[in-house]
Amino acid sequence: MKAMILAAGRGKRMAPLTDHCPKPLLPVAGKPLIVHHIERLRDAGITDLVINAAYLAELLVERLGDGSQYGVNIAWSREQQALETAGGIRQALPLLGEEPFLLVNGDVWTDFPFNTLIERPLGDDLARLVMVPNPPHNQSGDFHLNDSGRLRLDGEPRRVYSGVALMSPALVADVPLGEAAKLLPPLQDAIRHDKVGAIDYQGKWVDVGTPERLAALDEQLSNAAS
């Protein structure tokens, strides 16, 4: 199985830290945020990775290269301008192939065991999302997760999409190639047709969206390692 790490965004909320450094390369506990993902994917047995890049792409490619220093193979999906999540995935489909792949947002950190997500086939579903409890900055949540492990647009309790998912290429197959497109519309459509399952994860997860959250995560992981 392949995995795609989303790393093309500018991370404006992280300024000035991202003025001269792409967000995925910001250091956390002594190594770039994205390297935490790469190492955990490798340890889960996923070594063929696709990473999209747009903002300061040259710095990302220079730092990570072909992935050999981490024991993985990295294929780069370069974007002239950031294509948003669905647009970025659509452009990368030739590199990802026709089988389901693991998707990881480059601006989150989690100790979620990736093996748990991929041990069961998708079947007729278009995606299986890892959902987490609503954080302070998104208390209303994204979707309802029912008792059967299915996502619904309405209902309680609501959970937040963690940025980690198992995804079928078919979910974004109709997104126009080369156009910026958000993931929410095709995801909502798939949920309406009962094509999206979910895992409710109660473990550690951080949306590294502000300098303050980055600093808190860095302190937490650094203290745990000492």
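Residues numbered from 1 in each chain as written. Predicted model: local features only at pLDDT ≥ 70, side-chain atom pairs only at ≥ 80, totals over all residues. Heavy atoms only, no water.

1. Some words on the pairing of strand β11 (residues 158-167)
Line of reasoning, step 1. Most of β11 sits inside the fold, with 10 of its 10 residues counted as buried.
Line of reasoning, step 2. Both strand β6 (residues 101-105) and β11 contribute to a ladder of four bridges, which runs antiparallel. Note that in β11 the partner of leucine 103 across the bridge is alanine 165. (Buried < 20%, exposed > 50% of the residue type's maximum accessible area, 1.4 Å probe, protein only. Helix = DSSP H or I, 4+ residues; strand = E, 2+ residues; numbered from the N terminus. Pairing = 2+ DSSP bridges.)

2. Points about unusual backbone geometry
Line of reasoning, step 1. With omega at 5°, the peptide bond leading from alanine 15 into proline 16 counts as cis.
Line of reasoning, step 2. Its place among the elements puts proline 16 in the loop between β1 (2-6) and β2 (27-28).
Line of reasoning, step 3. Of note in the backbone geometry, leucine 56 takes a positive phi value of approximately 50° without being a glycine.
Line of reasoning, step 4. Along the chain, leucine 56 turns up in the loop between β4 (48-53) and α2 (57-64).
Line of reasoning, step 5. In this structure, glutamate 84 is a non-glycine residue whose phi angle is positive, near 65°.
Line of reasoning, step 6. Mapped onto the secondary structure, glutamate 84 falls in helix α3 (residues 84-96).

3. Comments concerning α2
Line of reasoning, step 1. Every buried residue of α2 is accounted for by Ala57, Leu60 and Leu64. Angular distribution of buried residues about the axis of α2 spans 65°; they occupy a single face of the element. Opposite the buried face of α2, at more than 90 degrees from it, the exposed residues are Glu58 and Glu62.
Line of reasoning, step 2. In this structure, the buried side of α2 is in contact with α1 (33-43), β4 and β5 (73-78). (Arc of directions from axis to C-beta. Contact = heavy atoms within 4.5 Å.)

4. Remarks on the environment of glycine 67
Line of reasoning, step 1. With respect to the helices, strands and loops of the structure, glycine 67 is situated in the loop between α2 and β5.
Line of reasoning, step 2. Residue classification places glycine 67 among the buried residues on the basis of a relative accessible area of 0%.
Line of reasoning, step 3. For glycine 67 and glycine 88, which are 21 residues apart along the polypeptide, the C-alpha to C-alpha distance reads 20 Å.
Line of reasoning, step 4. Not counting residues within four places of it along the chain, the set of residues in contact with glycine 67 comprises Val72 and Ile74.

5. Considerations on the pattern of salt bridges
Line of reasoning, step 1. Going through the model one piece at a time under the given rule, you end up with 10 salt bridges.
Line of reasoning, step 2. Across the pair aspartate 107 and lysine 23 runs a salt bridge, and its minimum N-O distance is 3.3 Å. Residue aspartate 107 is found in the loop between β6 and β7 (108-110), and its partner lysine 23 is found in the loop between β1 and β2; the two are separated by 84 residues along the sequence.
Line of reasoning, step 3. By relative accessible area, which is 24% here, aspartate 107 ends up partly exposed.
Line of reasoning, step 4. Take lysine 23: its relative accessible area is 7%, and that puts it in the buried class.
Line of reasoning, step 5. The partner of arginine 213 in a salt bridge is aspartate 207, with the nearest N and O atoms 3.6 Å apart.
Line of reasoning, step 6. Put simply, Asp125, Arg150, Arg152 and Asp194 are held in one network by salt bridges that share partners. (Salt bridge = Lys/Arg side-chain N within 4 Å of Asp/Glu carboxyl O.)

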